[in-house]
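# Topology and contacts: notes
Each chain, letter by letter, is given below.
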Amino acid sequence: MSAEEFRQYGHQLIDWIADLFANIGDFPVFPDVQPGDILSKLPKAPPVKGEPMGEILADVDRVIMPGMTHWNHPRFFAYFTSSGSAPGVLGELLSAAFNVNGMLWQSCPSATELEQATLGWLRQMLELPSEYFGIIYDGGSNSTFHAIAAAREQFAELEIRERGLAGRSDVPKLRLYTSDQGHSSIDKAAIALGLGLDSVRRVAVNDQYQMNPQALEEAIAEDRSVGVLPFCVVATVGSTSCTSIDPVAAIADISERECLWLHVDAAHGGAAAVVPEMRYVLDGCERADSIVVNPHKWLFVPLDLSVLYTRKPEVLRRAFSLVPEYLRTIPGVEAVNYMDYGIPLGRRFRALKLWFVLRYFGVEGITARIREHLRLARQFAKWVDDHPEFERLAPVPLSTVCFRAHWPGMDDDDLLNHFNERLMQAINHTGEAFLSHTKISGRFTLRLVVSHLWTSEAHVARVWAVIQRHFQLLRDG
Ligand SMILES: *Cc1c(COP(=O)(O)O)cnc(C)c1O
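In what follows, the accompanying structure is described. (Residues numbered from 1 in each chain as written. Predicted model: local features only at pLDDT ≥ 70, side-chain atom pairs only at ≥ 80, totals over all residues. Heavy atoms only, no water.)

### A look at helix α9 (residues 248-258)
Just so we agree on the cut-off: Whether a residue is buried, partly exposed or exposed follows from its accessible area with a 1.4 Å probe, protein chains only, as a fraction of its type maximum: under 20%, in between, or over 50%, in that order. Helix and strand labels come from DSSP, where a helix needs a run of H or I of at least four residues and a strand needs a run of E of at least two; each type is numbered from the N terminus. Here, the arc refers to the directions that run from the helix axis to the C-beta atoms. Whether two residues are in contact is decided by their heavy atoms: any pair within 4.5 Å suffices.
Burial in α9 covers these residues: V248, I251, A252, I254 and S255. Taken end-on, α9 shows its buried residues confined to a sector of 165°, consistent with a single buried face. For α9, the secondary structure elements touched by its buried residues are α8 (213-225), β4 (229-236) and β5 (261-265). Two residues or fewer after α9 comes C259, characterised by a positive phi angle close to 60°.

### Some words on helix α5 (residues 140-153)
What counts is decided by this rule: A helix's residues, less one, multiplied by 1.5 Å, set its expected span.
For α5, which comprises 14 residues, the first-to-last C-alpha distance of 20 Å matches the rise-based estimate of 20 Å (1.5 Å per residue) to within 8%. Counting buried positions along α5 gives 12 out of 14 residues, so the element sits mostly inside the fold.

### Some points on the nonpolar core
It is characteristic of soluble globular proteins that their nonpolar side chains tend to be buried jointly. For the record, the criterion: As used here, the term nonpolar core means buried Ala, Val, Leu, Ile, Met, Phe, Trp, Tyr and Cys residues forming a set that is joined through side-chain atoms within 4.5 Å.
With 60 residues, the main nonpolar core has L282, I291 and I370 as its most contacted residues. At the level of elements, α4 (109-125), α8, β4, α9, β5, β6 (290-293), β7 (306-310) and α12 (351-386) are the ones that each hand at least two residues to this core. Counting residues per element, this core draws most heavily on α12, which supplies nine residues. In this view, I291 contacts L128, Y132, H263, V264, A266, L282, C285, V307, L308 and Y309; residues no more than four positions away in its chain are not counted. Among the nonpolar cores identified, the runner-up in size contains 35 residues, and A151, V234, W261 and Y341 belong to it.

### Quick word on the pairing of strand β2 (residues 174-179)
Condition: Two strands are counted as paired when DSSP detects at least two bridges linking them. Orient the strands so they point away from the viewer, and a crossover whose first-strand-to-second-strand path over the helix runs clockwise is right-handed.
Taking burial as the measure, the six residues of β2 include six buried ones, the bulk of the element. Burial along β2 is two-sided: L174, L176 and T178 facing one way and R175, Y177 and S179 facing the other are all buried. For β2 and β4, the ladder comprises five bridges, and the chain directions are parallel. Along β4, the bridge assignment pairs L176 with C232. As paired strands, β2 and strand β3 (residues 200-203) are joined by four bridges and run parallel to one another. Among the inter-strand pairings, S179 is bridged to a residue of β3, identified as V203. Note that the unit made of β2, helix α7 (residues 184-192) and β3 has a crossover that is right-handed.

### Some points on the packing of aromatic side chains
For any pair of aromatic rings, the description consists of the separation of the ring centres together with the inter-plane angle of the planes. The condition is simple: Stacked, tilted and edge-to-face are the three classes applied to pairs of Phe, Tyr and Trp rings, where Trp contributes its six-membered ring and a pair requires centres within 6.5 Å; stacked means planes under 30 degrees apart, edge-to-face means over 60, and tilted covers the rest.
Under the definition given, this model contains 23 aromatic pairs. Ring centres of W71 and F76 lie 4.5 Å apart, and the angle between their planes is 35°; this geometry places the pair in the tilted category. Since its relative accessible area comes to 33%, W71 is described here as partly exposed. By way of ring pairs, the aromatic residues F380, W383, F390, F403, W407, F419, W464 and F471 are connected into one cluster.

### Focus: the site of the ligand
Applied cut-off: We define proximity as follows: a residue is near a molecule or strand when any one of its heavy atoms falls within 4 Å of that partner. Two N or O atoms form a polar contact when they lie within 3.5 Å of each other; inside protein one atom must be a possible hydrogen donor and the other a possible acceptor, and for residues adjacent in sequence the pair counts only when both atoms belong to side chains. Working definition of accessibility: Shrake-Rupley area with a 1.4 Å probe, residue cover restricted to the visible protein chains. Ten residues, namely Ala, Val, Leu, Ile, Met, Phe, Trp, Tyr, Cys and Pro, are considered nonpolar, four, namely Asp, Glu, Lys and Arg, are considered charged, and the remaining ones, Gly among them, are considered polar.
Neighbouring the ligand are 14 residues; G140, S141, D265, N294 and K297 lie closest to it. A distance of 2.7 Å is found between an oxygen atom of the ligand and a side-chain nitrogen or oxygen belonging to K297. Burial of the ligand by the protein chains amounts to 84% of its free accessible area of 380 Å². Listed by contribution, the elements that provide at least two residues to the shell around the ligand are α5 and α10 (295-298). Grouping the constituent residues of the shell around the ligand by class yields two nonpolar, 10 polar and two charged.

### With respect to the sheet that holds strand β9 (residues 400-405)
Let me state the cut-off plainly: Between the N-to-C directions of two axes lies an angle of 0 to 180 degrees, each axis being a line fitted to C-alpha atoms and, for a helix, fitted only over the stretch in contact.
Strand order in the open sheet formed by four strands is β8-β9-β11-β10, and the pairing between neighbours is antiparallel. Single-partner strands in this sheet number two, and they are β8 (390-392) and β10 (436-440). Direction aside, neighbouring strands of the sheet carry axes that sit 40° apart on average. Direction of pairing for β8 relative to β9: antiparallel, over a ladder of three bridges. Among the inter-strand pairings, R392 is bridged to a residue of β9, identified as F403.

### Quick word on the sheet that holds strand β1 (residues 133-137)
Within the open sheet, the seven strands sit side by side as β1-β7-β6-β5-β4-β2-β3. Their pairing is mixed. The open sheet has two edge strands, β1 and β3, and neither has a second partner. Strand-to-strand twist across the sheet, computed as the mean angle between neighbouring axes with direction ignored, equals 20°.

### So, the pairing of β7
Counting buried positions over the five residues of β7 gives five, a clear majority of the element. Burial of the side chains of β7 extends over both faces: S306, L308 and T310 are buried on one face and V307 and Y309 on the other. As judged from the five bridges shared by β1 and β7, these two strands associate in the antiparallel manner. Counted as the bridge partner of I136 is V307 from β7.

### Quick word on the packing of α5 against α7
The line we're drawing: Reported orientations rely on four angle classes, namely roughly parallel under 35 degrees, roughly antiparallel over 145, roughly perpendicular from 65 to 115, and oblique for the rest. Here a crossing is taken to be left-handed if its near helix is turned anticlockwise relative to the far helix by less than a right angle, and right-handed if that turn runs clockwise.
The geometry of α5 relative to α7 is characterised by a closest axis approach of 9 Å and an angle of 50° between their N-to-C directions. Taken together, the axes of α5 and α7 are oblique relative to one another. Relative to α7, the crossing made by α5 is right-handed. Contacts from S141, T144, F145 and I148 in α5 reach S185, I186, A189 and A192 in α7. A class-by-class count of the residues in the contact of α5 with α7 yields five nonpolar, three polar and no charged.

### Concerning the side chain of H373
Looking at the secondary structure, you find H373 in helix α12. A distance of 3.0 Å separates a polar atom in the side chain of H373 from a polar atom in the side chain of W298. Apart from residues lying up to four places away in sequence, H373 is in contact with W298, F300, S399, V450, S451, H452 and L453.

### Some remarks on the pattern of salt bridges
Close approach of charged atoms allows side chains of opposite charge to pair. What counts here: Just to be clear on terms, a salt bridge is a Lys or Arg side-chain nitrogen sitting within 4 Å of an Asp or Glu carboxyl oxygen.
Considering all chains together, one arrives at 36 salt bridges under this definition. Put simply, D187 and R202 hold a salt bridge, and the shortest N to O gap is 2.4 Å. Of this pair, D187 sits in helix α7 while R202 sits in strand β3, and the two are 15 residues apart along the sequence. Among the residues examined, D187 registers a relative accessible area of 17% and is labelled buried. If you follow the salt bridges from partner to partner, you end up with E92, D304, R348, R350 and K353 in one network.

Note that every value here comes from positions in space, so none of it alone points to a role or purpose.
So, in structure tokens, the structure goes:
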């Protein structure tokens, strides 16, 4: 592609994106398609001859757009939202253009050192201790995987790195603990690390869905009494279902006493700590061995970018460092080689988009937006609380509201589950808003998450109107 052609289509595409961003609220959030609809519009075989860029771009409108769930829509309230903010998109574009592989310091000094600098900034924004070392992975699941691998490596005398776990009678059963609200990535890490799903022990929660420290202590004591070796606790700040916040300080007391690695999963919730009056959500995390925060969730950085901080980078490094001859660097050069701290060798220049976002918005700008999300969620929670035919199903410590329709005289939980599921589908089907669900104490629960950059009070009010309208239609119809 000639420079002239690149310039022409580059400008055209940026214009197209600018229009998309300007008008995104007019699109349906959720597409009106069935499985296979998009696939059927795509050729079965690859193009033999190259095609003009203009045709490829035209097919974005014709083929791709009709199947888009618009995560950047201001009325996308599902899962944990992610904002493809404009400065973040520009950073992503530039990192594609540079196309560096930041595996080693010398494979791109700027990539390595910008990662160090931006993660230092973010660490300060979260008021985490200065000795924390940060590293970027693609997602929170991967960050947690690496934390649990480091936790396992702490028992160097077991020589798991060298000899593995299979076929060994000299290694006790290892156990890690998380609450029954802990994220599935913890189980996946146990699968991938050869620990097995039954190495994950789910600890009971209180009526606010927070881990019960006493139940944790009892579980550890019970395991030790039968020869199981506890090695790790994963506390959650902002659980996936209802954003509950575990009592990290009390859990840290236990993990220190029991010599367990304490990992904190704050993939979504950690961002709230940027707001001074919310800093308490990370209370106790300064004592953690590691903590994960995902800027691609609530910090306006486009997917994907997750950060793992650890105070024991040497253990993480010991778990993963393998340096083949062709990657050896000049002796005596004091530099971080990020490939030493995990599975990925090739690493995208992700810090660039984080840098763009942090600089463009500034700490004040980010703080103000997160604070507004918290306010909007409390507002929505109040509407739910004040409505006789709806009820809230969990506290709202952050900006996620868990609720359902539940009207007077109707107390059959099976019927309510079925009704609320249909209600969610009806709302999502309109394309006016997109909600997701969870099950809390067996109840089908609607989740409304306010964390997109472009979501304002008008959008939250509109989804509330849509919810009420469809509630009436379904109940009366
Ligand atoms: C989103 C999330 C994860 C997983 O993060 P990915 O980036 O999707 O892999 C883990 N834990 C919690 C609490 C989360 O909110």
